[in-house]
Amino acid sequence: MTNGAAVVIGTYAAEEGEQSDSVVIGRFAGRYASNGFQNVFLGNNAGGGTTGVTTSPHYNTFVGYGSGSAIVDGDNNVFLGNQAGNTTTTGSDNILLGDQVNASAATASNELNIGDTIFGNLATNAIGIGVADATAIDTDAILELDATDKGFLAPRVSDPATAIGTPATGMMAYDTATSRYQYYDGGAWQDFGFGVGGDNLGNHTATTDLDMNNNNIVNPTVISFNGTTGAAAPTK
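First, a word on what this report is: a plain description of the structure on this page. (Residues numbered from 1 in each chain as written. Predicted model: local features only at pLDDT ≥ 70, side-chain atom pairs only at ≥ 80, totals over all residues. Heavy atoms only, no water.)

1. Re the packing of aromatic side chains
- Applying the stated rule across the entire model yields seven aromatic pairs.
- On the numbers, 5.2 Å between centres and 5° between planes, the contact of tyrosine 12 with phenylalanine 28 is stacked. Of the two residues, tyrosine 12 is situated in the loop between β1 (7-9) and β2 (18-20) and phenylalanine 28 in the loop between β3 (23-25) and β4 (35-37); the sequence distance between them amounts to 16 residues.
- Given the relative accessible area of 36%, tyrosine 12 is considered partly exposed.
- With relative accessibility at 18%, the residue phenylalanine 28 sits in the buried group.
- Note on phenylalanine 37 and tyrosine 59: the rings are 5.4 Å apart at their centroids and 85° apart in plane angle, and the pair reads as edge-to-face. Of the two residues, phenylalanine 37 is situated in strand β4 and tyrosine 59 in the loop between β5 (40-42) and β6 (61-63); the sequence distance between them amounts to 22 residues.
- Taking the relative accessible area as the measure of exposure, phenylalanine 37 reaches 29% and is therefore partly exposed.
- Accessibility expressed as a relative area gives 40% for tyrosine 59, which makes it partly exposed.
- Among the aromatic residues, ring-to-ring pairing joins Phe41, Phe62 and Phe79 into one connected group.
- Over the ring of tyrosine 12 we find arginine 31; its NZ or CZ atom is 4.6 Å from the centre of that ring. (Phe/Tyr/Trp six-rings, centres within 6.5 Å; stacked < 30°, edge-to-face > 60°. Helix = DSSP H or I, 4+ residues; strand = E, 2+ residues; numbered from the N terminus. Buried < 20%, exposed > 50% of the residue type's maximum accessible area, 1.4 Å probe, protein only. Lys NZ or Arg CZ within 6 Å of the ring centre and 35° of its normal.)

Next comes the structure, spelled out in structure tokens:
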């Protein structure tokens, strides 16, 4: 065992190799990490490696019993928790937080896993909640929410136009005063056009036929046909 400028504490810690500029604390911690440097291994068998396998992990932080225990050549990983990342062998640039939390594969890189609930693709900055793992996030999504028995609950605000001081274009909220979803178009808050009380067609120009599907237009003030405007007939 040769450990230049390293702190090594624990029975069999960094026993089989060299850990330069590293902190290795715990029984069997970094035991078979034969050529690593600038790692932090804290916990029994943290970064332990595999007997007979030459390992060269660099710039990793493993905290917790058995965290990163199968590491071979992975770099720049952060594993925090009991047996966190204990299946990773050559994966790099992963962040795995929680009890027995792992990446999607032993060789996977650039993945985020927080408690097997929040996943991320760190290469594309995409986040998935409720998905199977980081590889399940839709490639065109910055955020994917997946559930079979839960819905999306938007912020509920009474009159967003007065409650939200400086909205960003595209901001959305549920207006509890009107029971409608609203969005900010860059100049004013607008209804999405649905909510309690039926459809609100708004001031729009149609591009296709309007099919009422056997429903009535109720209580219009004025109806215009082909540019001719007249008072609306009473609803039957």
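2. Re the nonpolar core
- Ranked by size, the top nonpolar core spans 15 residues in total, and within it Val24, Phe41, Phe62, Phe79 and Leu96 carry the most contacts.
- Beyond its immediate sequence surroundings of up to four residues, phenylalanine 62 is in contact with Val40, Phe41, Leu42, Ala46, Gly47, Ser67, Gly68, Ile71, Asn77 and Phe79.
- With five residues, the next largest nonpolar core counts Phe119, Val131, Ala134 and Ile137 among its residues. (Core = buried A, V, L, I, M, F, W, Y, C linked by side-chain atoms within 4.5 Å. Contact = heavy atoms within 4.5 Å.)

3. Re the pairing of strand β11 (residues 126-129)
- Burial along β11 is one-sided: the face carrying Ala126 and Gly128 is buried and the face carrying Ile127 and Ile129 is not.
- Where strand β10 (residues 118-121) and β11 come together, four bridges link them in antiparallel fashion. Directly across from phenylalanine 119, in β11, lies its bridge partner glycine 128.
- Where β10 folds back onto β11 in an antiparallel hairpin, the turn is made up of four residues, including asparagine 125, whose phi is positive at roughly 60°.
- In this structure, β11 lies alongside strand β12 (residues 143-145), joined through three bridges in parallel fashion. For isoleucine 129, the partnering residue across the bridge sits in β12 and is leucine 145. (Pairing = 2+ DSSP bridges.)

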